[in-house]
Amino acid sequence: MAFAMAAEVLVQHAQDSRLHFSAPTTHFLSGRPLQRLQYGAPVDFYVQVTVWSGNHTNVFRNSAARFTINYDVIEQRYLVSKIVPQKQGPDQTKSTRNLS
């Protein structure tokens, strides 16, 4: 399942050389992904953030990451893991880091 979305309200602030932002009115856990989580199935998300300079023809920065979200139905809490690629020779395996 894939879909694209853009945040209309974006709260941002800069700290050192990093840009921190949040989109408080953006809800991506709804519909079928939320239903899958409630039944205990993991849901994968691919997130890409692009920052443009001026009009949308000049990309200033671009960043992408993959996440897996799980819902523990017994403890009723979410678990978010970032999928981190680890290069090991010609075969590329994936590992996760717990972000919660």
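A short tour of the structure in this document, coming up. Quick caveat: nothing in here was measured; it's all calculated off a predicted structure. Along each chain, the written sequence defines residue order, and numbers are assigned to residues from 1. In keeping with the predicted nature of the model, local features appear solely for residues at pLDDT of at least 70, side-chain atom pairs appear and are counted solely at 80 or more, and the whole-chain, interface and lining totals rest on all residues. In computing side-chain values, all of the structure's heavy atoms are included and hydrogens and water are not.

Here the focus is the environment of Arg 36. Only DSSP runs of H or I reaching four residues or more are called helices, and only runs of E reaching two or more are called strands; each is numbered from the N terminus. Tracing the chain through its elements places Arg 36 in helix α1 (residues 31-38). Looking at Arg 36, the relative accessible area reads 37%, which means it is partly exposed. Taking the C-alpha atoms as reference points, Arg 36 and Asn 70, separated by 34 residues in sequence, lie 9.3 Å from one another. Excluding residues within four positions of it along the chain, Arg 36 makes contact with Ala 41, Pro 42 and Val 43. A simple rule labels every residue: compare its accessible area, found with a 1.4 Å probe on the protein chains alone, to the largest value its type can have, and call it buried under 20%, exposed over 50%, or partly exposed in between. Here a residue-residue contact requires only that any non-hydrogen atoms of the pair lie within 4.5 Å.

Here a cavity means grid points, on a 1 Å grid over the protein atoms only, where a 1.4 Å probe fits yet cannot get out; a pocket means an open set of points with protein on both sides within 12 Å along at least five of seven lines; lining residues are those with an atom within 4 Å of a point. Grid points are joined across faces, edges and corners, and a volume is the space filled by probe spheres set on the points. Roughly 400 Å³ of internal volume is contained in the second largest pocket. Taken together, Ser 17, Arg 18, Leu 19, His 20, Phe 21, Val 49, Val 51, Phe 60, Arg 61, Asn 62 and Ser 63 form the lining of the second largest pocket. Of all elements in the fold, only β2 (18-22), β3 (43-52) and β4 (59-72) reach the threshold of two or more residues within the lining of the second largest pocket. Across the lining of the second largest pocket, the residue classes tally to five nonpolar, four polar and two charged. Residue polarity is assigned by list, with Asp, Glu, Lys and Arg as charged and Ala, Val, Leu, Ile, Met, Phe, Trp, Tyr, Cys and Pro as nonpolar; anything else, Gly included, falls into the polar class.

The next point concerns the packing of aromatic side chains. Here a Phe, Tyr or Trp ring, Trp counted by its six-membered ring, pairs with any other such ring whose centre lies within 6.5 Å, and the pair is stacked when the planes are under 30 degrees apart, edge-to-face when over 60, and tilted otherwise. Summed over all chains, the structure comprises one aromatic pair. An angle of 50° between the planes, with centres 4.8 Å apart, marks the rings of Tyr 71 and Tyr 78 as tilted.

In the sections that follow, a salt bridge refers to a side-chain nitrogen of Lys or Arg positioned within 4 Å of a carboxyl oxygen of Asp or Glu. Per the counting criterion, the structure on display carries one salt bridge. For Glu 75, the salt bridge identified is with Arg 77, shortest N-O distance 3.4 Å.

Within the largest apolar cluster, five residues are counted, these being Leu 37, Val 43, Phe 45, Ile 69 and Tyr 71. Of all the elements in the fold, those that place two or more residues in this core are β3 and β4. With residues up to four places along the chain from it excluded, the contact list for Phe 45 reads Phe 28, Leu 29, Pro 33, Ala 65, Arg 66, Phe 67 and Ile 69. Residues belong to a common nonpolar core when they are buried Ala, Val, Leu, Ile, Met, Phe, Trp, Tyr or Cys residues joined through side-chain atoms within 4.5 Å.

Our focus in this paragraph is unusual backbone geometry. One non-glycine residue, Gln 76, lies in the positive phi region at around 55°. Structurally, Gln 76 can be placed in the loop between β4 and β5 (77-88).

Okay, the side chain of Thr 68 next. Mapped onto the elements, Thr 68 comes out in strand β4. Residue classification places Thr 68 among the buried residues on the basis of a relative accessible area of 12%. Of the polar contacts made by the side chain of Thr 68, one reaches the side chain of Asp 44; its length is 2.7 Å. With residues near it in sequence (within four places) discarded, Thr 68 still touches Pro 42, Val 43, Asp 44, Leu 79, Val 80, Ser 81 and Ile 83. Pairs of N or O atoms within 3.5 Å make up the polar contacts considered here, provided that, within protein, one atom can donate a hydrogen while the other can accept it, and that residues adjacent in sequence are counted only when both atoms are side-chain atoms.

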